[in-house]
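So the chains spell out like this:
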Amino acid sequence: MLLLAAPAKTARRPRYGGTLRVEIGAAVRSLDASVAAATAEEAAAKAEIGALTNDQSDAKAAQPAAGTFRISEWVPGKSLTLVANDDCPEGRPFVDSIEITMGRAAKDRMLDLELDKTDFIEIPQDLARHAADAGIRISESKPDELVALLFLHPEFHAPAPEELRRALALAVDRSAIVNFVLQKTGEPAGGLLPQWLSGTAFLFSTAADLAVAKKQAEEIRAQNATWTQAVLGYDSGDSMEQKVAERIAVDAREAGIAVTPAPVPVAGSSSNDAIANLPRGLNVRIVRWRIGSGEPGAAMTEYLQSFQGPASSTGVCAIPKSPGAEAIYLCEQAIVDTHEIVPVAFLPQVYGLSARVRDWQPPNPGERWPLADVWLEQTP
Amino acid sequence: MRPPRQLLSLSFALFFIFSVTEISPAPTQGSAPSQAPNGQRQVTPRPSQATSVPAAAAAQNAMPQEWTEAVRSLARKIKEAMGSSRSMTLEFQNISSISDANAAAIQSAMRDALSREHLEFSAAVNNEAVKVRVTLSEDHTDYIGAAEIQKGDSRKVALVSVTKPPSPNLGLTPAPALQKRVVFQQAAPILDFEIEQPLPNSNDGLEFRDVLTPTGLLRYQFQGDRLQLQLPDFAPVRITARNSRDVRGRILRSGSQEIRYFIGGALCVAGPVSNCSDNTILGWPINPKGVSWGAAYQAGRNYFQSSGIYSGEVRMTFPAFYSAAVLESGRETIFVLAALEGKALLFTSPVPSATFAGWGDDIVSLGQGCDTRQQILVTGTGDWTKPDSLQLYELDADRATSAGQPLQFSGPITALWPGDDGKSARVVSRDITTGEYEASIVTVVCNN
């Protein structure tokens, strides 16, 4: 966890009272679990808010929420007010209420934080450095999100032969992506789990090898010229994915592989209409996998379930109960060796905090925002 | 790491330690990875680490016991991976929090184990030799020993894991005025604790530690040289008071058969027949050994409301407070309160006569100091994501002067209560790295 520019403090035990102001980017239109989220960002926001209220039902449900907060007022897609639940079994939250404003763009959220119009925001990883330079108080989690290239199922898309996958994996300059695209937020990824979680990430190479990639691309082209072409999809609403895709296209071109970045309108959709609207020739896309557990065995099991399907590496390995480091490493290595997924970077979650927020600690993988434990320093 | 507030159960992993007088040096972290020319991820060893250790130095460092079997196992795996080859080069690096000394001992043991497997160490220039690199790494629960065996174009990896041992004990500090003695550690929250020395006429000489947790009281007893949880003494108690998110508790009187303690707004008695009752009206006795003064614990909160007290014939009404120190100097009783607005207020009359800024919310009186001035122990400022400290202040009329160096802790101090002798303090802190709670006794040493 990184905490920069912490302000002077005058007290220690948590104080009760105050309203925590939160701004999020997604416009959450429904907390009803039956209504699917339009984007991955909205799904994440719904999960965070739902966990606070422990109420996945509609705001007007008869049953009161049993979580740390109750819904007080809600304008779908715009704002949500939560009030502390005095009957929470773990104890009433320290703040009296939380006001959540939705649909604010990242740069607007950062500006609001600088102007003291809000207390808590999420910051996209590629803007974290900019935010820190602007003097925003930053908190970073351990790296718990994997950005990777996922080669897609040939039933729906143009297949990417294994030789191309291998060559592209060697062409990607992960260090440059982390240093320049992500502004040194995050770390290069060679495996599926970060070092702090598995302890064995250092065993996976993250270095590019342009010479070998070029040689492999030449061999592929000699067999079939179209095999050195790929259409790389990225979430059209995610500027970070766009930048990563464009950088990968540059790296691939150096190796003689033609990669065309293409925006994908809806992230993760598998309906027939969505498939029909996908870019022509799409055979690889950027995926962001948020690790859901602080236990490496559970995290790997979840990975295998997340990427289930004919195009995945299912069957390459199975995680036993109570796996040791060796079993997890071997499974990771087996999946990486198929080149169906090419890890690129591990990213932390980045948050911006106002000067009065106290006792905030970024959640561990699988945990939600611990806003019930946060308290506000009262300014004199 | 977030301040955990798990409920204690008998199945929790508990770490039992003894009082010690040595401080273990804090382990250092490895450097960030970098890219090796051959494309393999490489971690730059820390500046103090060497890839080989002189035999004399290695012999001086005893290898951590938990690594004994792991080293043997890894050596066997390396031999298996080498196949028919017997000649190897060995590179060793440490990217974990294992200390340099222990890493050197493990390295030395590794070489011995490989020798016992009839493997020979070759000069680095020998291209026929199998290249083996052993790395000490870690995840959040285990240390990992990883061997990369490069034989020609073939690369194999062998791994062993070692569960991380309990955190090192922090004993007496070199602080000139304040000394700390750690008496207990555990993963679950500690609200207060007490040490019961053997009774004078006791035949068994048993020493107990009573540990107050958010769900009740536990008693530990020394069995030989280890502390064991003693179950049958106290019937389980169900806390009926509504919990606060920052629940506070205090043991106020103990005997061999019955212990009285407060948790939030509840008064509990632990003994052969245990029970808890609502105590929001009578409150906690703030100054049990002196001027009688009770303060009601605010339900669902973490502070006290005082109904006031008569000092002589003068009635004094106090604001809500987190903690208080009561000092009796001659005929005068001094009340110092850590008020909710973040300042400490000194009362000798109904109107505060002094305000102290920059103090934490937990304060205790340590009675008279080395030069007869009254002493107060004060926690540092900052929230529960930061290391904390204790600072001694000496009172002179309505002035408080810091005395000596602050005593540092590896995390926030979550509870501070006066010792029964009136000259020490019971301190509970939480290590922000490991998340473990630590119970310590702090005393003042007069340096001449």
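Keep in mind the model is a prediction, meaning the values are calculated, not measured. (Residues numbered from 1 in each chain as written. Chains lettered and ligands numbered in written order. Predicted model: local features only at pLDDT ≥ 70, side-chain atom pairs only at ≥ 80, totals over all residues. Heavy atoms only, no water.)

### As for the overall build of chain B
Then step 1. When helices and strands are counted, chain B shows three helices and 32 strands.
Then step 2. Going through the 448 residues of chain B one by one, you find that 52% of them count as buried.
Then step 3. Relative to all contacts within chain B whose residues are 6 or more apart in sequence, the contacts with residues 24 or more apart total 52%.
Then step 4. Working note: accessible area of chain B is about 20,200 Å², and carbon and sulfur atoms make up 51% of it. (Helix = DSSP H or I, 4+ residues; strand = E, 2+ residues; numbered from the N terminus. Buried < 20%, exposed > 50% of the residue type's maximum accessible area, 1.4 Å probe, protein only. Contact = heavy atoms within 4.5 Å. Areas by Shrake-Rupley, 256 points an atom, 1.4 Å probe, with all protein chains shown as cover.)

### Quick notes on the side chain of glutamate 42 of chain A
Then step 1. You can see glutamate 42 of chain A is positioned in helix H1 (residues 40–53).
Then step 2. Excluding residues within four positions of it along the chain, glutamate 42 of chain A makes contact with Ala26, Ala27, Val28, Arg29, Ser30 and Ala37 of chain A.

### Things to note about the nonpolar core
One recurring pattern in soluble globular proteins: nonpolar side chains tend to sit buried together.
All names here are of chain A.
Then step 1. Counting residues in hydrophobic clusters, the biggest one holds 39 residues, and the most contacted among them are Leu192, Met300, Tyr303 and Ile335.
Then step 2. For this core, the element with the most residues is helix H11 (residues 325–338), which contributes six residues.
Then step 3. Once residues within four sequence positions are removed from consideration, methionine 300 is found in contact with Leu192, Leu193, Ile319, Ile328, Cys331, Glu332 and Ile335.
Then step 4. Core analysis: the next-biggest nonpolar cluster, separate from the first, contains 35 residues, Val147, Ala230, Ile248 and Ala249 among them. (Core = buried A, V, L, I, M, F, W, Y, C linked by side-chain atoms within 4.5 Å.)

### Side note on the environment of isoleucine 341 of chain A
Residue and element names in this part refer to chain A.
Then step 1. Its location among the elements puts isoleucine 341 in strand S13 (residues 341–347).
Then step 2. Separated by 95 residues in sequence, isoleucine 341 and glutamate 246 have C-alpha atoms that sit 18 Å apart.
Then step 3. If near-sequence neighbours (up to four positions away) are discounted, isoleucine 341 is found in contact with Ala148, Leu149, Leu150, Leu192, Tyr303 and Ile335.

### Some remarks on the sheet that holds strand S9 (residues 187–188) of chain A
Residue and element names in this part refer to chain A.
Then step 1. Pairing within the open sheet is mixed, and its six strands lie in the order S9-S13-S8-S12-S10-S11. The open sheet is flanked by S9 and strand S11 (258–264), the only strands paired with a single partner.
Then step 2. Running over the sheet, helix H4 (residues 162–171) touches strand S8 (145–151), strand S10 (229–235), S11 and S13 and is turned about 145 degrees from S8.
Then step 3. Contacting strand S12 (282–290) and S13, helix H10 (residues 296–306) runs over the sheet at an angle of about 150 degrees to S12. (Pairing = 2+ DSSP bridges. Axes fitted to C-alpha atoms, helices over the stretch in contact; angles between N-to-C directions.)

### Re H11 of chain A
Residues and elements named next belong to chain A.
Then step 1. With 14 residues, H11 extends 20 Å between its outermost C-alpha atoms, agreeing within 8% with the 20 Å of an ideal straight helix rising 1.5 Å per residue.
Then step 2. Taken residue by residue, H11 has Ala325, Ile328, Tyr329, Cys331, Glu332, Gln333, Ile335, Val336 and Thr338 as its buried positions.
Then step 3. Residue histidine 339 follows H11 closely and has a positive phi angle near 60 degrees. (Expected span 1.5 Å × (residues − 1).)

### Here's the deal with the sheet that holds strand S28 (residues 389–396) of chain B
All names here are of chain B.
Then step 1. Here four strands make up an open sheet; going across it, the order is S26-S27-S28-S29 and the pairing antiparallel. Two strands in the sheet have a free side with no partner beyond their single neighbour: strand S26 (363–368) and strand S29 (399–408). Averaged over all adjacent pairs, the angle separating strand axes in this sheet is 25 degrees, with direction ignored.
Then step 2. As defined by bridge partners, S26 adjoins strand S27 (residues 374–379) across five bridges and the pair is classed as antiparallel.

### Observations concerning the interface of chain B and chain A
Then step 1. Taken residue by residue, the interface counts 55 residues in chain B and 50 residues in chain A.
Then step 2. When chain B packs against chain A, close to 4,300 Å² is buried across both sides, 46% of that on carbon and sulfur atoms.
Then step 3. The interface formed by chain B and chain A contains six salt bridges.
Then step 4. Of the charged contacts, one joins lysine 77 of chain B and glutamate 326 of chain A as a salt bridge, the two residues approaching to 2.8 Å between their closest N and O atoms.
Then step 5. In this assembly, chain B and chain A are joined by 24 residue pairs in polar contact (both at pLDDT 80 or more).
Then step 6. Contributions of two or more residues to the side of chain B that touches chain A are made by strand S2 (41–43), strand S5 (130–138), strand S6 (142–151), strand S7 (154–163) and strand S30 (413–418) of chain B.
Then step 7. Per-element tally for the side of chain B that touches chain A: the top contributor is S7 of chain B, with five residues.
Then step 8. Looking at side-chain class alone, the side of chain B that touches chain A contains 17 nonpolar, 18 polar and 20 charged residues. (Buried area = accessible area lost by both parts, 1.4 Å probe. Salt bridge = Lys/Arg side-chain N within 4 Å of Asp/Glu carboxyl O. Polar contact = N/O pair within 3.5 Å; in protein donor to acceptor, adjacent residues only side chain to side chain. Nonpolar A, V, L, I, M, F, W, Y, C, P; charged D, E, K, R; others polar.)

### Brief notes about the state of the cysteines
All names here are of chain B.
Then step 1. With the rule as written, the count across this model stands at one disulfide over all chains.
Then step 2. Residue cysteine 268 pairs covalently with cysteine 276 via a disulfide, S to S 1.8 Å. Residues cysteine 268 and cysteine 276 are joined through a disulfide that is right-handed, its torsion about the S-S bond being 105 degrees. Judged on exposure class, the residue cysteine 268 and its partner cysteine 276 are both buried. (Disulfide = S-S within 2.5 Å.)

### Some points on the confidence of the model for chain A
All names here are of chain A.
Then step 1. The pLDDT averaged across chain A works out to 84; a share of 86% of its residues lies at or above 70.
Then step 2. In the predicted structure, residues 1–11 sits below a pLDDT of 50 and forms 35 contacts with residues beyond four places in sequence or in another chain.
Then step 3. Contacts from residues 56–65, a stretch scored under 50 in pLDDT, to residues over four places away or in other chains number 13 contacts. (pLDDT = per-residue confidence, 0-100.)

### A short note on the packing of helix H2 (residues 68–82) of chain B against helix H3 (residues 100–116) of chain B
Residue and element names in this part refer to chain B.
Then step 1. Look at H2 against H3: their axes get within 9 Å of each other, and the N-to-C directions meet at 50 degrees. Compared by their axis directions, H2 and H3 come out oblique. Here H2 and H3 pass one another in a crossing that is right-handed. Across the interface between the two elements, Val71, Leu74, Ala75 and Ile78 from H2 touch Ile106, Ala109, Met110, Ala113 and Leu114 from H3. (Parallel < 35°, antiparallel > 145°, perpendicular 65-115°, else oblique. Left-handed = near helix turned anticlockwise from the far one by under 90°.)

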